[in-house]
Amino acid sequence: MFFLSRLSDYIIPGLIVVVVLCGMMQKKDVYEDFIRGAKEGLPTVLKVMPTLIGLMIAVGMLRASGFMEAAGTFLGQWTEKIGFPGALVPLTFVKIFSSSAATGMLVDVYKNYGADSYISNIASIMMSSTETVFYTMSVYFMVAKVTKTRWTLMGAMLATLGGTVASVYLAGMM
(Lines give C-alpha, C1' and ligand atoms only; values in the text may rest on other atoms or scores of the structure.)
Protein backbone atom coordinates (compact mmCIF):
# COMPACT_ATOMS: atom_id res chain seq x y z
CA MET A 1 0.00 0.00 0.00
CA PHE A 2 2.88 2.35 0.76
CA PHE A 3 4.16 1.90 -2.78
CA LEU A 4 0.82 2.96 -4.30
CA SER A 5 0.54 6.05 -2.12
CA ARG A 6 4.08 7.10 -3.06
CA LEU A 7 3.48 6.29 -6.73
CA SER A 8 0.47 8.60 -6.88
CA ASP A 9 2.69 11.49 -5.75
CA TYR A 10 4.88 11.05 -8.82
CA ILE A 11 2.38 10.32 -11.61
CA ILE A 12 1.57 13.92 -12.65
CA PRO A 13 5.16 15.26 -12.39
CA GLY A 14 6.36 12.15 -14.22
CA LEU A 15 3.81 12.65 -16.98
CA ILE A 16 4.92 16.27 -17.41
CA VAL A 17 8.56 15.19 -17.69
CA VAL A 18 7.67 12.50 -20.27
CA VAL A 19 5.71 15.00 -22.40
CA VAL A 20 8.55 17.54 -22.31
CA LEU A 21 11.18 14.91 -23.11
CA CYS A 22 9.12 13.52 -26.02
CA GLY A 23 8.74 17.04 -27.40
CA MET A 24 12.46 17.68 -27.08
CA MET A 25 13.30 14.37 -28.77
CA GLN A 26 11.12 15.44 -31.71
CA LYS A 27 13.06 18.74 -31.77
CA LYS A 28 9.97 20.82 -30.99
CA ASP A 29 9.90 24.05 -29.06
CA VAL A 30 7.86 22.67 -26.16
CA TYR A 31 7.37 26.03 -24.45
CA GLU A 32 6.11 27.71 -27.65
CA ASP A 33 3.75 24.80 -28.32
CA PHE A 34 2.42 25.13 -24.78
CA ILE A 35 1.88 28.89 -25.17
CA ARG A 36 0.17 28.43 -28.55
CA GLY A 37 -2.15 25.78 -27.10
CA ALA A 38 -3.02 28.02 -24.16
CA LYS A 39 -3.84 30.90 -26.53
CA GLU A 40 -6.05 28.64 -28.65
CA GLY A 41 -7.83 27.34 -25.53
CA LEU A 42 -8.69 30.79 -24.19
CA PRO A 43 -11.58 31.43 -26.64
CA THR A 44 -13.07 28.08 -25.65
CA VAL A 45 -12.95 29.09 -22.00
CA LEU A 46 -14.67 32.38 -22.84
CA LYS A 47 -17.44 30.53 -24.74
CA VAL A 48 -18.03 28.11 -21.86
CA MET A 49 -17.90 30.69 -19.05
CA PRO A 50 -21.54 31.91 -19.22
CA THR A 51 -22.82 28.34 -19.05
CA LEU A 52 -20.62 27.55 -16.07
CA ILE A 53 -21.68 30.68 -14.23
CA GLY A 54 -25.35 29.97 -14.91
CA LEU A 55 -25.07 26.40 -13.62
CA MET A 56 -23.20 27.49 -10.49
CA ILE A 57 -25.75 30.18 -9.70
CA ALA A 58 -28.70 27.86 -10.24
CA VAL A 59 -27.28 25.12 -8.01
CA GLY A 60 -26.32 27.69 -5.36
CA MET A 61 -29.84 29.12 -5.36
CA LEU A 62 -31.43 25.68 -5.05
CA ARG A 63 -29.17 24.77 -2.15
CA ALA A 64 -29.59 28.09 -0.35
CA SER A 65 -33.37 28.06 -0.72
CA GLY A 66 -33.68 24.72 1.08
CA PHE A 67 -35.44 23.19 -1.91
CA MET A 68 -32.91 20.36 -2.20
CA GLU A 69 -33.37 19.32 1.42
CA ALA A 70 -37.16 19.54 1.14
CA ALA A 71 -37.13 17.47 -2.05
CA GLY A 72 -34.77 14.98 -0.39
CA THR A 73 -37.09 14.59 2.59
CA PHE A 74 -40.14 14.20 0.37
CA LEU A 75 -38.57 11.76 -2.10
CA GLY A 76 -36.64 9.99 0.63
CA GLN A 77 -39.88 8.42 1.86
CA TRP A 78 -39.98 6.30 -1.29
CA THR A 79 -36.28 5.82 -1.91
CA GLU A 80 -35.81 4.38 1.59
CA LYS A 81 -38.29 1.63 0.68
CA ILE A 82 -36.11 0.49 -2.23
CA GLY A 83 -32.87 0.66 -0.22
CA PHE A 84 -31.55 4.10 -1.19
CA PRO A 85 -31.03 6.41 1.80
CA GLY A 86 -33.24 9.50 1.63
CA ALA A 87 -30.35 11.60 2.96
CA LEU A 88 -28.55 11.06 -0.35
CA VAL A 89 -31.37 12.22 -2.62
CA PRO A 90 -30.19 15.88 -2.64
CA LEU A 91 -26.61 14.78 -3.33
CA THR A 92 -27.80 12.64 -6.24
CA PHE A 93 -29.66 15.54 -7.87
CA VAL A 94 -26.91 18.09 -7.31
CA LYS A 95 -24.30 15.72 -8.78
CA ILE A 96 -26.21 15.74 -12.06
CA PHE A 97 -25.61 19.49 -12.32
CA SER A 98 -22.40 20.31 -10.46
CA SER A 99 -19.60 18.13 -9.21
CA SER A 100 -18.09 20.84 -7.02
CA ALA A 101 -21.41 21.53 -5.27
CA ALA A 102 -21.89 17.78 -4.84
CA THR A 103 -18.44 17.50 -3.31
CA GLY A 104 -19.42 20.12 -0.75
CA MET A 105 -22.53 18.11 0.04
CA LEU A 106 -20.43 14.95 0.29
CA VAL A 107 -18.35 16.58 3.02
CA ASP A 108 -21.61 17.32 4.87
CA VAL A 109 -22.57 13.63 4.57
CA TYR A 110 -19.19 12.66 6.07
CA LYS A 111 -19.68 15.12 8.95
CA ASN A 112 -23.23 13.96 9.70
CA TYR A 113 -22.83 10.19 9.31
CA GLY A 114 -19.10 9.53 9.66
CA ALA A 115 -16.67 8.79 6.86
CA ASP A 116 -16.92 5.00 7.21
CA SER A 117 -20.69 4.71 7.50
CA TYR A 118 -22.91 2.84 5.06
CA ILE A 119 -24.42 6.11 3.77
CA SER A 120 -20.97 7.65 3.28
CA ASN A 121 -19.79 4.57 1.41
CA ILE A 122 -22.77 4.78 -0.94
CA ALA A 123 -22.16 8.51 -1.44
CA SER A 124 -18.45 8.00 -2.17
CA ILE A 125 -19.03 5.24 -4.70
CA MET A 126 -21.88 7.18 -6.31
CA MET A 127 -19.74 10.30 -6.66
CA SER A 128 -17.05 8.37 -8.48
CA SER A 129 -19.36 6.36 -10.72
CA THR A 130 -21.73 9.07 -11.96
CA GLU A 131 -21.25 12.15 -14.13
CA THR A 132 -22.31 15.77 -14.05
CA VAL A 133 -24.70 15.23 -16.93
CA PHE A 134 -25.95 18.73 -17.67
CA TYR A 135 -22.59 20.41 -17.15
CA THR A 136 -20.82 17.96 -19.43
CA MET A 137 -23.48 18.11 -22.11
CA SER A 138 -23.64 21.89 -22.12
CA VAL A 139 -19.87 22.34 -22.29
CA TYR A 140 -19.11 19.65 -24.86
CA PHE A 141 -22.06 20.33 -27.10
CA MET A 142 -21.49 24.08 -27.06
CA VAL A 143 -17.80 23.73 -27.93
CA ALA A 144 -18.51 21.13 -30.64
CA LYS A 145 -21.52 23.14 -31.88
CA VAL A 146 -23.85 20.13 -31.55
CA THR A 147 -27.49 21.21 -31.91
CA LYS A 148 -29.30 17.86 -31.92
CA THR A 149 -28.52 15.91 -28.78
CA ARG A 150 -30.74 12.98 -29.78
CA TRP A 151 -30.56 10.29 -27.09
CA THR A 152 -27.61 11.72 -25.18
CA LEU A 153 -29.59 12.97 -22.19
CA MET A 154 -31.54 9.72 -21.87
CA GLY A 155 -28.36 7.65 -22.11
CA ALA A 156 -26.53 9.83 -19.60
CA MET A 157 -29.41 9.68 -17.12
CA LEU A 158 -29.62 5.88 -17.48
CA ALA A 159 -25.87 5.64 -16.88
CA THR A 160 -26.27 7.82 -13.78
CA LEU A 161 -29.08 5.58 -12.55
CA GLY A 162 -26.88 2.55 -13.16
CA GLY A 163 -24.00 4.10 -11.21
CA THR A 164 -26.34 5.00 -8.36
CA VAL A 165 -27.83 1.50 -8.17
CA ALA A 166 -24.35 -0.03 -8.34
CA SER A 167 -23.19 2.21 -5.49
CA VAL A 168 -25.94 0.89 -3.21
CA TYR A 169 -25.12 -2.69 -4.18
CA LEU A 170 -21.35 -2.28 -3.76
CA ALA A 171 -21.65 -0.44 -0.44
CA GLY A 172 -23.84 -3.28 0.79
CA MET A 173 -21.06 -5.73 0.00
CA MET A 174 -18.51 -3.86 2.14
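Refer to the preceding data block for the structure.
Residues numbered from 1 in each chain as written. Predicted model: local features only at pLDDT ≥ 70, side-chain atom pairs only at ≥ 80, totals over all residues. Heavy atoms only, no water.

Enquirer: Lay out the overall build of the protein chain in plain terms, naming residues and giving numbers.
Expert: The number of helices and strands found in the protein chain is eight helices and zero strands. In the protein chain, the succession of helices and strands from N to C terminus is α-α-α-α-α-α-α-α. Relative to the 2.2 N^0.38 estimate, which gives 16 Å for 174 residues, the radius of gyration of the protein chain is 20 Å and therefore markedly larger than a compact globule would have. Viewed in the frame of its principal axes, the protein chain has a C-alpha envelope of about 65 × 45 × 30 Å. Out of the 174 residues in the protein chain, the part that is buried amounts to 28%. (Helix = DSSP H or I, 4+ residues; strand = E, 2+ residues; numbered from the N terminus. Rg over C-alpha atoms; globule rule 2.2 N^0.38 Å. Buried < 20%, exposed > 50% of the residue type's maximum accessible area, 1.4 Å probe, protein only.)

Enquirer: An account of helix H8 (residues 152-173) is requested, with residue identities and associated values reported.
Expert: For H8, with 22 residues, the first-to-last C-alpha span of 31 Å sits near the 32 Å given by 1.5 Å per residue. Along H8, the residues classified as buried are Thr 160, Gly 163, Thr 164, Ser 167, Val 168 and Ala 171. In a view along the axis of H8, the buried residues occupy a sector of 135°, so they form one face of it. In H8, those exposed residues whose orientation departs by more than 90 degrees from the buried face are Leu 158, Val 165, Tyr 169, Gly 172 and Met 173. (Expected span 1.5 Å × (residues − 1). Arc of directions from axis to C-beta.)

Enquirer: Residue-level account of the packing of aromatic side chains, with values.
Expert: Counted by the stated rule, this structure contains two aromatic pairs. Ring centres 4.9 Å apart and planes at 75° place the aromatic pair Phe 74 and Trp 78 in the edge-to-face group. With Phe 74 and Trp 78 both in helix H3 (residues 67-79) and four residues apart, the pair spans about one turn of that helix. Seen in terms of ring centroids, Phe 97 and Phe 134 are 4.8 Å apart; in terms of plane orientation they differ by 15°. Their pairing is stacked. (Phe/Tyr/Trp six-rings, centres within 6.5 Å; stacked < 30°, edge-to-face > 60°.)

Enquirer: Please give an account of H3 that cites residues and values.
Expert: Taking 1.5 Å per residue, 13 residues should reach 18 Å; H3 reaches 17 Å between its end C-alpha atoms and fits that length. Considering bend angle alone, the principal kink of H3 is centred on Thr 73 and spans about 25°. Among the residues making up H3, those that are buried are Met 68, Ala 71, Gly 72, Gly 76 and Thr 79. Looking at the packing, one finds that the buried side of H3 touches helix H2 (30-65) and helix H4 (89-97). (Bend = angle between axes of the 7 residues up to and from the residue. Contact = heavy atoms within 4.5 Å.)

Enquirer: Which residues make up the environment of Met 137, and what are the values?
Expert: Here Met 137 shows up in helix H7 (residues 133-144). Residue Met 137 is classed as buried on the basis of its relative accessible area of 14%. Met 137 sits 19 residues away from Ala 156 along the chain, and the two C-alpha atoms are 9.2 Å apart. Apart from residues lying up to four places away in sequence, Met 137 is in contact with Met 142, Thr 149, Thr 152 and Leu 153.

Enquirer: Would you mind going over a nonpolar patch on the surface in detail, with residue names and values included?
Expert: On the surface, a nonpolar cluster with roughly 960 Å² of combined accessible area is contributed by Phe 3, Leu 4, Leu 7, Ile 11, Ile 12, Ile 16, Val 17, Val 20, Leu 21 and Met 24. Looking at Leu 4, the relative accessible area reads 52%, which means it is exposed. (Patch = residues over 30% accessible without salt bridge, like charges linked within 9 Å, V, L, I, M, F, W, Y side chains within 5 Å. Areas by Shrake-Rupley, 256 points an atom, 1.4 Å probe, with all protein chains shown as cover. Salt bridge = Lys/Arg side-chain N within 4 Å of Asp/Glu carboxyl O.)

Enquirer: Outline the pattern of salt bridges, supporting the account with residue identities and numerical values.
Expert: The final tally for this structure, using the stated rule, is two salt bridges. A salt bridge links Asp 9 to Arg 6; the shortest N-O distance between them is 3.3 Å. Within this pair, Asp 9 and its partner Arg 6 are both found in helix H1 (residues 2-25), separated by three residues, close to a single helical turn. Of the residues examined, Asp 9 reaches a relative accessible area of 40% and is grouped as partly exposed. Classification of Arg 6 by relative accessible area gives partly exposed; the value is 35%. Salt-bridge contacts for Arg 36 lead to Asp 33; the nearest nitrogen and oxygen are separated by 2.9 Å. Here Asp 33 and Arg 36 lie together in helix H2, a separation of three residues that amounts to about one turn. Classification of Arg 36 as partly exposed rests on a relative accessible area of 46%.

Scope: geometric values only; no functional claims are made or implied.
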